[in-house]
Amino acid sequence: MSATRRRRRRELTPGAWLGRATIVLVAVFFVVFFVIPIVWLLIASGKSPHDLITTGPFQPGTLADLAANWSSLVTFQDGIVFRWLGNSAYYSVAALAITLVTTIPAGYALALGDFRGRKTLLTTTLVVMLIPNTALVLPIFLELSAVHLIGKPLAAILPFSFFPFGVYLTYIYFSTSVPRDLLDAARIDGCGEFAVFRRVAMPLATPVVALVGFFSFVANWNNYFLPFLTVPGKGSPIQVGLTELLSNVPAFNPTAAGVTSIELPTLAVATLLAVTPVLLIFLFSQRFLVAGLTAGGTKE
Amino acid sequence: MSYVFVSGYVLFALAFGVLPTLYALWMSLTGSQGGFAGLDNFVRAWQDFRFLPAVGHVAAFVGVWLVSLLVLVTLLALIVHAIGRRWLSSSVRFVYYIPGALAGASSVVLWLFVLDPTVSPVSAVLRAFGFETFVQTVSPGNLPVVFAIIAFWTGAGGWIVVMYGALNSIPVEVLEAARIDGAGAVRTALHIQLPMLRKWISYMAIMSLAAGTQLFVEPRVLSQASHAVVPVDYSLNQLAYLFAFKQSDLNGSAAIAVMLLVVSLGLSAFFVVRGGLFERD
C-alpha cells in the first residue's frame, strides 16, 4: 500500500503538484484564519493598554500586565464580573438539569413507546428544533412580561430548559442503539414501566445524557439575545455583561471616559474569561461533539 | 404510560414554543388598548421608514454569507476529507471547529479587536484595504461582508464537520471505481461527491437562511462600539427591539417578530416535510 503510494507521488506531473500545493495552501490559510483571533486574544490579555497599541500584535505581554488587567477587571463595579459569571453558571446549570430531566424520558418514549400523538410530537420537535432560537426570543419576552417574570432568574432558566434538539438526539440514540426486545424481556421478568426506564434504559443512556448536557450547556452559556431582554441589569449573564463592559471602554465609547473606564486589554481578559468554560469543555470532549453533529441526520 | 415520560417536555414545548407564538400572534393583531386591529400593526411596521432598509441590510448580509458559506464549507470539507492521514484530518477539522465555542457576544467583542487597525492581529491586511481606523473598517458599505466574516468564523466549523460526516457516508467502492476509471480529485468531487452531498448542502442553505434573517447580536455590539456608525436599526430584530423598548410599541414589535417567525417556521417545516434528511420513521 505505502509502496504504491510512494510510487504515485513520484510520478506527479507539474500540474498535479500545483493542484496539491493549492489545496494545502487553502487548508493552511483557513487554519490561520480560524486560529489567529484566539491566539491574539491570549496574547492581548497580557499587555498593558500602551503596549497593545505600540508593540507588534504577536509580541508576548508580561505576567505583571496580565495581573494589572485582571485587577482592573475585578475591581470594576466591585467585582460585578463575578456576579455575571455566577449568573451564567446558575442559569446554564439549572436549565441543564431541567433539560435532562425532561428531554431524556421524552426522547425515550418517542423512540420506544407507542402512543397517540407520537408522530405529531416528533414532527413538531423537528420543526421547532430547526427554527433559529432567536426567532422565539421576542414572543417569549412578551409572554414572560405578561406574567411579570422579567428580571427573575426563572425568566432565563425556564426558556433555556426547552431544548427540542436534546429530545431529537435522545430519540435517535434510543431508536438506533437500544432494541425493543431488551425492554420486552425486562417487562416479561415483571418490571413495571418506570423500572424498565430506570433499570434498563438509563444505564444504557450515559453517552446521550453527556451529549445533550454538553449541547444544552454550550447553548445556554452562549445565549445573548434572550437574557439580554429577560434578565437585564444585575441579573445579566457574562455575555450581556461583556457588552456592558464594552460601553465603558473609552476607545470605543469616548463619552464613557470616567473613573470606571475599562481599557482594551481588560476587555480582552473579560472576553477570555467568558469563553474559557466552553473552550475547555470543547477541548476535552472533541469526540462527543463530532458524534453529536453528525447524529443530526442518519437517513441517506 | 408514555404520556408521563413526555409530559415534562410537552409542558415546556407548550410554554416556550407554542404559547409565545400564539401570544405574539394575538398581540400583533390587537391594538395597544386591546381590541382587534386587523393588520394595522403589520402595516405600521412595514411603512416605518426603517423597515425596508433593514430588510435590504439583512438580505445583503444573507446573500454574501450564504454564497461564501456554501462554497467554502463544501470546498474545505472536501479538502479535509481528502487528507490521507487520520490524525491530521481530525486535527484540522477540530481547529476549524474551535471558534464555535465563542458564539454569542464574546465572538463579536473579539472581532471588534480584529477589525480595529490600531490593535488588530491583521492590521496589515486592513491597511492594505485602506482602512486606518475602526470606523472606516465598519463603514456601512462593508457591513454585509464584515458580518458574513464574523458569522463564518463562528459557524463554518460546525458545518464542515457535518459535511465531512456526510462525505464519509459515500461508499468507498464508488470512489474507488471512479479512480480506476481515471477520474482525478476534481472530477470525482464534481461528478460524485457533490451530487451525493446535495441534500446536505440544501439543508445548510436553508438553516443558514433562516438563521441569517435573525441577525441581532453582531450589529448590536458593533453599533455600540462604533458610536452608531453601525446603525442601531440595521437589522429587523434590532428594529423589533427598538419598537418594544424605545417606542413602547409592543404590538408593532410583535408584528415584526411574527413576520420573522413565519419565515423561519416556513423554511423549517418545508425542510422537515420535503428534505427527507431526518429520521421520522
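Residues numbered from 1 in each chain as written. Chains lettered and ligands numbered in written order. Predicted model: local features only at pLDDT ≥ 70, side-chain atom pairs only at ≥ 80, totals over all residues. Heavy atoms only, no water.

As for the interface of chain A and chain B
Item 1. At the junction of the two partners, chain A supplies 98 residues and chain B supplies 98 residues.
Item 2. Approximately 8,800 Å² of surface area, both sides summed, lies buried where chain A meets chain B, with 76% of it carried by carbon and sulfur atoms.
Item 3. Of all residues in chain A, Phe34, Leu130 and Phe252 of chain A bury the most surface against chain B, accounting for 9% of the area lost on that side.
Item 4. Counting across the interface, chain A meets chain B through 0 salt bridges.
Item 5. In terms of residues, the side of chain A that touches chain B owes the most to one element, helix α2 (residues 14–44) of chain A, which gives 13 residues.
Item 6. Of the residues that constitute the side of chain A that touches chain B, the class distribution is 70 nonpolar, 18 polar and 10 charged. (Contact = heavy atoms within 4.5 Å. Buried area = accessible area lost by both parts, 1.4 Å probe. Salt bridge = Lys/Arg side-chain N within 4 Å of Asp/Glu carboxyl O. Helix = DSSP H or I, 4+ residues; strand = E, 2+ residues; numbered from the N terminus. Nonpolar A, V, L, I, M, F, W, Y, C, P; charged D, E, K, R; others polar.)

Brief notes about the domain arrangement of chain B
The figure often quoted for interface size is the accessible area lost as the parts come together.
All names here are of chain B.
Item 1. If you check the domain split of chain B, you get domain 1 (35–50 + 233–257) and domain 2 (62–229).
Item 2. One C-alpha centre belongs to domain 1, the other to domain 2; they are set 32 Å apart.
Item 3. Across the contact, 5 residues belong to domain 1 and 8 residues belong to domain 2.
Item 4. When domain 1 packs against domain 2, close to 640 Å² is buried across both sides, 60% of that on carbon and sulfur atoms.
Item 5. Considering only the side of domain 1, the residues that lose the most area to domain 2 are Tyr234, Asn237 and Gln238, jointly responsible for 71% of the buried surface there.
Item 6. Here domain 1 and domain 2 share 0 salt bridges between them.
Item 7. Viewed at the interface, domain 2 and domain 1 are joined by 2 residue pairs in polar contact (both at pLDDT 80 or more).
Item 8. The residue makeup of the side of domain 1 that touches domain 2, split by class, is 2 nonpolar, 3 polar and no charged. (Domains from an automatic or database assignment. Polar contact = N/O pair within 3.5 Å; in protein donor to acceptor, adjacent residues only side chain to side chain.)

Describing helix α15 (residues 264–284) of chain A
Item 1. Here α15 of chain A contains 21 residues, and its C-alpha end-to-end distance of 30 Å stays within 8% of the 30 Å for a straight helix at 1.5 Å per residue.
Item 2. Its maximal kink placed at threonine 276 of chain A, α15 of chain A deviates by approximately 45°, while the proline proline 277 of chain A follows within four residues. (Expected span 1.5 Å × (residues − 1). Bend = angle between axes of the 7 residues up to and from the residue.)

Quick look at the domain arrangement of chain A
Residues and elements named next belong to chain A.
Item 1. Its domain assignment divides chain A into domain 1 (2–66) and domain 2 (75–295).
Item 2. Here domain 1 and domain 2 have C-alpha centroids that lie 33 Å from each other.
Item 3. On the domain 2 side, the residues contacting the 9 residues of domain 1 number 7 residues.
Item 4. Across the domain 1 to domain 2 interface the summed buried area is about 680 Å²; carbon plus sulfur atoms make up 87%.

Quick word on the layout of surface pockets
Item 1. Space inside the second largest pocket adds up to approximately 680 Å³.
Item 2. Considering the residues around the second largest pocket, the lining is formed by 24 residues, among which Phe33 of chain A together with Trp111, Val122, Val125 and Ile149 of chain B are closest to the centre.
Item 3. For the lining of the second largest pocket, the secondary structure elements donating two or more residues are α2 of chain A together with α3 (51–82), α5 (105–115), α6 (123–128) and α8 (143–168) of chain B.
Item 4. By residue class, the composition of the lining of the second largest pocket is 21 nonpolar, 3 polar and no charged. (1 Å grid on protein atoms, 1.4 Å probe; cavity = no way out; pocket = protein on both sides within 12 Å on 5 of 7 lines; lining within 4 Å. Points joined across faces, edges and corners; volume = space filled by probe spheres on them.)

Examining the packing of aromatic side chains
Item 1. Summed over all chains, the structure comprises 44 aromatic pairs over all chains.
Item 2. Here phenylalanine 33 of chain A and phenylalanine 34 of chain A contribute two aromatic rings whose centre-to-centre distance is 5.1 Å and whose plane-to-plane angle is 70°, an arrangement assigned as edge-to-face. By the burial criterion, phenylalanine 33 of chain A is buried, and phenylalanine 34 of chain A matches it.
Item 3. Here the aromatic residues Phe29, Phe30, Phe33 and Phe34 of chain A together with Tyr96, Trp111, Phe152 and Trp153 of chain B are joined through ring pairs into a cluster of three or more.
Item 4. Directly above the ring of tyrosine 164 of chain B sits arginine 93 of chain B, whose terminal nitrogen or CZ lies 3.8 Å from the centroid. (Phe/Tyr/Trp six-rings, centres within 6.5 Å; stacked < 30°, edge-to-face > 60°. Buried < 20%, exposed > 50% of the residue type's maximum accessible area, 1.4 Å probe, protein only. Lys NZ or Arg CZ within 6 Å of the ring centre and 35° of its normal.)

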